[in-house]
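For reference, the chains in residue letters:
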Amino acid sequence: MTHILERLPDGAAADWTIPQDWSAYTAQDHAMWDRLFARQAAMLPGRVVPEFMDGLDILRMTKPGIPDFQELSGRLMQRTGWQVVAVPGLVPDRVFFDHLANRRFVAGRFIRTPDQLDYLEEPDVFHDVFGHVPLLAHPVFADYMQAYGEGGLRAERMGAIDRLARLYWYTVEFGLIRQGDELRLYGAGIVSSHGESIFALDDPSPNRIGFDLRRLMRTQYRIDDYQQSYFVIDGFEDLLRQTVGTDLAPLYHELEGTSDLMVDTVLPEDRVYTLGTQAYARARALAASS
Ligand SMILES: [Fe+2]
């Protein structure tokens, strides 16, 4: 998600895509992917939503090396009709939304260097592909992402992109989900980050707040550190139904003129998961035993 507006880079198609040029990756590039993959794959079971691990299997992403987008798209297309396409970096909002609305996920093709292991200014192929693509194999989440793109194109016409960007941030990038008695990770920004995969579930400092769209759209977010608040959804079907599966225009109008909430605000009406919450404790016990 970005708001950077640039001119179309040289060599890019009109839709901003470029070839992945998979054969240009070096042995070091593939080794970096494998290193990041091994670290997350060892830690995520018991923390991440099981549908994410299923996606890694279904798409055969456990195969060593940076995935070839064509091969990956072939499997994804069969499953949910999605493709992965390479872009040169951050793309304008309209381009991003249009790709999503057409079931194309845009991904960076470069991979971080060893000195960037835990911090990146721009999303690389590990964040974009490891973080985002497994859940695109899940039919409901796949529908959510497409509907988000369509909602983005509508929000743009209504001048409400900043509100909708918060939804992407707090779900697709940094979402938590309650499954039965457990809290699990599903946001790509969390699951592609070793530190935040631990912090988001284990650290006592951030707020974990039951999902409420109106409240979320008033909430600022942090781009330079781990999140101070996470929103917990009750399921992907519920997320789709409550958000981009519906007309958000009345909500945008209603929110005009309301003040923003700071990242660390907790309201009296918030449903907050605390360390003592059963769901929270269960997730921790499970992660510890895995
Ligand atoms: Fe992302």
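For the structure, see preceding data.
Residues numbered from 1 in each chain as written. Predicted model: local features only at pLDDT ≥ 70, side-chain atom pairs only at ≥ 80, totals over all residues. Heavy atoms only, no water.

Novice: Explain unusual backbone geometry to me, and be specific about the residues and the numbers.
Specialist: Of note in the backbone geometry, D21 takes a positive phi value of approximately 60° without being a glycine. The residue D21 is located in the segment before helix 1 (27–43) in this model. The class for D21 is partly exposed, based on a relative accessible area of 43%. Look at R60: it is not a glycine, yet its phi comes out positive at around 50°. Assignment of secondary structure puts R60 in the loop between helix 2 (50–58) and helix 3 (69–80). (Helix = DSSP H or I, 4+ residues; strand = E, 2+ residues; numbered from the N terminus. Buried < 20%, exposed > 50% of the residue type's maximum accessible area, 1.4 Å probe, protein only.)

Novice: Got a sec to walk through the pairing of strand 6 (residues 229–233)? Specific residues and values, please.
Specialist: Judged by how many residues are buried, strand 6 sits mostly within the fold: five of five residues are covered. In strand 6, alternate side chains face the same way, and those of S229, F231 and I233 on one face and Y230 and V232 on the other are all buried. As judged from the two bridges shared by strand 3 (residues 176–179) and strand 6, these two strands associate in the parallel manner. Residue L176 lies in a different strand from strand 6, and its bridge partner there is V232. Taken together, the four bridges between strand 5 (residues 207–210) and strand 6 define a ladder with parallel strand orientation. (Pairing = 2+ DSSP bridges.)

Novice: Account for the layout of surface pockets, naming residues and giving values.
Specialist: Its volume calculated, the largest pocket comes out at about 1100 Å³. Around the largest pocket, the lining is made up of 42 residues, and of these L120, E121, P123, H127 and W169 lie nearest the centre. Every element with two or more residues in the lining of the largest pocket is listed here: strand 2 (104–108), helix 5 (125–136), helix 7 (161–173) and helix 9 (194–202). Of the residues that constitute the lining of the largest pocket, the class distribution is 19 nonpolar, twelve polar and eleven charged. Looking at the second largest pocket, its volume works out to about 160 Å³. Along the walls of the second largest pocket sit I209, G210, F211, D212, R214, R215, R218, L261, L267, E269, D270 and R271, which together make up its complete lining. (1 Å grid on protein atoms, 1.4 Å probe; cavity = no way out; pocket = protein on both sides within 12 Å on 5 of 7 lines; lining within 4 Å. Points joined across faces, edges and corners; volume = space filled by probe spheres on them. Nonpolar A, V, L, I, M, F, W, Y, C, P; charged D, E, K, R; others polar.)

Novice: Can you tell me about the sheet that holds strand 5, naming the residues and giving the values?
Specialist: What the five strands build is an open sheet, ordered 4-3-6-5-7; its pairing is mixed. Two strands in the sheet have a free side with no partner beyond their single neighbour: strand 4 (182–185) and strand 7 (272–273).

Novice: Help me get a handle on the coordination of the iron ion, residues and values and all.
Specialist: In the first shell of the iron ion, the protein supplies H127 (NE2), H132 (NE2), E173 (OE) and E173 (OE), at 2.0 to 2.8 Å from the metal. Around the iron ion sit four donor atoms; with metal-centred angles ranging over 51 to 135°, the donor geometry is irregular. In the primary sequence, the donor residues of the iron ion line up as H-x4-H-x40-E. Of the two residues, H132 is situated in helix 5 and E173 in helix 7; the sequence distance between them amounts to 41 residues. Judged on exposure class, the residue H132 and its partner E173 are both buried. (Donors = N, O, S within 2.8 Å, 3.2 Å for Na, K, Ca; no water. Tetrahedral: all angles 85-135°; square planar, octahedral: opposite > 155°, others 65-115°.)

Novice: Can you explain the environment of E121? Please cite residues and give values.
Specialist: Tracing the backbone through its elements, the reader meets E121 in the loop between strand 2 and helix 5. Placed 103 residues apart in sequence, E121 and D224 show a C-alpha to C-alpha distance of 9.0 Å.

Novice: Can you break down the side chain of S192 residue by residue, with the values?
Specialist: Tracing the backbone shows S192 in the loop between helix 8 (188–191) and helix 9. Polar side-chain contacts of S192 include one of 2.7 Å to the backbone oxygen of A188. When residues no more than four places from it in sequence are discounted, the contact partners of S192 are Q40, F126, H127, F130 and G131. (Polar contact = N/O pair within 3.5 Å; in protein donor to acceptor, adjacent residues only side chain to side chain. Contact = heavy atoms within 4.5 Å.)

Novice: Explain the packing of helix 6 (residues 139–158) against helix 7 residue by residue, including any values.
Specialist: It is the contact of helix 6 with helix 7, at a shortest axis distance of 9 Å, that shows an interaxial angle of 165°. Taken together, the axes of helix 6 and helix 7 are roughly antiparallel relative to one another. Handedness of the crossing formed by helix 6 with helix 7: left-handed. Facing helix 6, whose interface residues are F141, Y144, M145, Y148, G151, G152, A155 and E156, helix 7 presents I161, L164, A165, L167, Y168, T171 and V172. Within the contact of helix 6 with helix 7, the residues separate by chemical class into eleven nonpolar, three polar and one charged. (Axes fitted to C-alpha atoms, helices over the stretch in contact; angles between N-to-C directions. Parallel < 35°, antiparallel > 145°, perpendicular 65-115°, else oblique. Left-handed = near helix turned anticlockwise from the far one by under 90°.)

Novice: Can you tell me about the packing of helix 2 against helix 5, naming the residues and giving the values?
Specialist: Two elements in contact, helix 2 and helix 5, have axes separated by 7 Å at closest approach and are oriented at 95°. Comparing their axes, helix 5 and helix 2 come out roughly perpendicular. Along the contact surface, helix 2 presents E51, F52, G55 and L56, while helix 5 presents F130, G131, P134 and L135. For the contact of helix 2 with helix 5, the per-class residue count stands at five nonpolar, two polar and one charged.

Novice: Explain the packing of aromatic side chains residue by residue, including any values.
Specialist: Scanning all chains against the criterion turns up 18 aromatic pairs. On the numbers, 4.9 Å between centres and 40° between planes, the contact of W169 with F174 is tilted. Of the two residues, W169 and F174, neither departs from the other in class, the shared state being buried. An aromatic cluster is defined as three or more aromatic residues linked by ring pairs; in this entry it consists of W33, F37, F52, F126 and F130. (Phe/Tyr/Trp six-rings, centres within 6.5 Å; stacked < 30°, edge-to-face > 60°.)

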